[in-house]
Amino acid sequence: SKSAFKNALLLGDAAGQVKATTGGGIVMLLTAAKHASNCVKLSFKQNDFSKRFIKKHYEKPCLRTIGKELKLHYAIRLILERLTNKDFEVFFKIIKENKIEHIITLYGDMDFPKDLIFKLLKNPLVLTFLIKFTLKNPNIFIKLLKLLTK
């Protein structure tokens, strides 16, 4: 996303720093605001308000931090949009019958779901479910690969 311009930077909704899973973004905004604050201080200190400077000191740090999280939220959304009612039933049955709720309770975080995802992927039944899902939906696999390797 382009959030750096000469004499200006965008953050929050204006910069597309919104979670695709919930439409929220307060935590992402606060993280971006910290990077923006540092960039503005540096810009005044060095009297450099160029697009290149703002990109280096604001946009790139944002992409390294919240950019990865926003990509993960988008990947989750791509998967959720393609799950059928039957897929949801099977997935929740796996969670219920294998006592996976405690993992969700311990590691579930609606802003930073990475830890939970990795914990769930360690479960063979969850992994098998996702493999079957991607085999039924090869286009999603290609989209996810493109998204996560950018």
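About the thresholds
Residues numbered from 1 in each chain as written. Predicted model: local features only at pLDDT ≥ 70, side-chain atom pairs only at ≥ 80, totals over all residues. Heavy atoms only, no water. Axes fitted to C-alpha atoms, helices over the stretch in contact; angles between N-to-C directions. Helix = DSSP H or I, 4+ residues; strand = E, 2+ residues; numbered from the N terminus. Parallel < 35°, antiparallel > 145°, perpendicular 65-115°, else oblique. Contact = heavy atoms within 4.5 Å. Nonpolar A, V, L, I, M, F, W, Y, C, P; charged D, E, K, R; others polar. Expected span 1.5 Å × (residues − 1). Patch = residues over 30% accessible without salt bridge, like charges linked within 9 Å, V, L, I, M, F, W, Y side chains within 5 Å. Areas by Shrake-Rupley, 256 points an atom, 1.4 Å probe, with all protein chains shown as cover. Salt bridge = Lys/Arg side-chain N within 4 Å of Asp/Glu carboxyl O. Buried < 20%, exposed > 50% of the residue type's maximum accessible area, 1.4 Å probe, protein only. Arc of directions from axis to C-beta.

### Focus: the packing of helix α6 (residues 124–136) against helix α7 (residues 138–148)
Thought 1: Put simply, α6 and α7 touch, their axes get as near as 4 Å, and they point 105° apart. The orientation of α6 relative to α7 falls into the category roughly perpendicular. Every residue of α7 that contacts α6 at Phe133, Thr134, Leu135 and Lys136 is listed here: Pro138, Ile140 and Phe141.
Thought 2: Here the contact of α6 with α7 is composed, by residue class, of five nonpolar, one polar and one charged.

### A closer look at helix α3 (residues 85–97)
Since there are 3.6 residues in each turn of an α-helix, residues three or four apart along the chain are aligned in direction.
Thought 1: Spanning 13 residues, α3 covers 18 Å between terminal C-alpha atoms, matching the ideal 18 Å at 1.5 Å per step.
Thought 2: Contacts made by the buried residues of α3 are with α2 (51–82), α4 (101–107) and α6.
Thought 3: A positive backbone phi angle near 50° is found at Lys99, which sits one or two residues after α3.

### Some thoughts on a nonpolar patch on the surface
Thought 1: The grouping of Phe118, Leu121, Leu127, Ile131 and Leu135 at the surface amounts to a nonpolar patch, some 470 Å² of accessible area in total.
Thought 2: Secondary-structure elements contributing two or more residues to the nonpolar patch are α5 (114–121) and α6.
Thought 3: The leading source of residues in the nonpolar patch is α6, at three residues.
Thought 4: Residue placement: Leu127 occurs in helix α6.
Thought 5: Judged by relative accessible area, which is 36%, Leu127 ranks as partly exposed.

### Some details on α7
Thought 1: All of the buried residues in α7 are Ile140, Leu144 and Leu147. Across the axial projection of α7, the buried residues extend over an arc of 65°, all falling on one side. Along α7, the residues that are exposed and aim more than 90 degrees away from the buried face are Asn139 and Lys146.
Thought 2: The elements touched by buried residues of α7 are α2 and α6.

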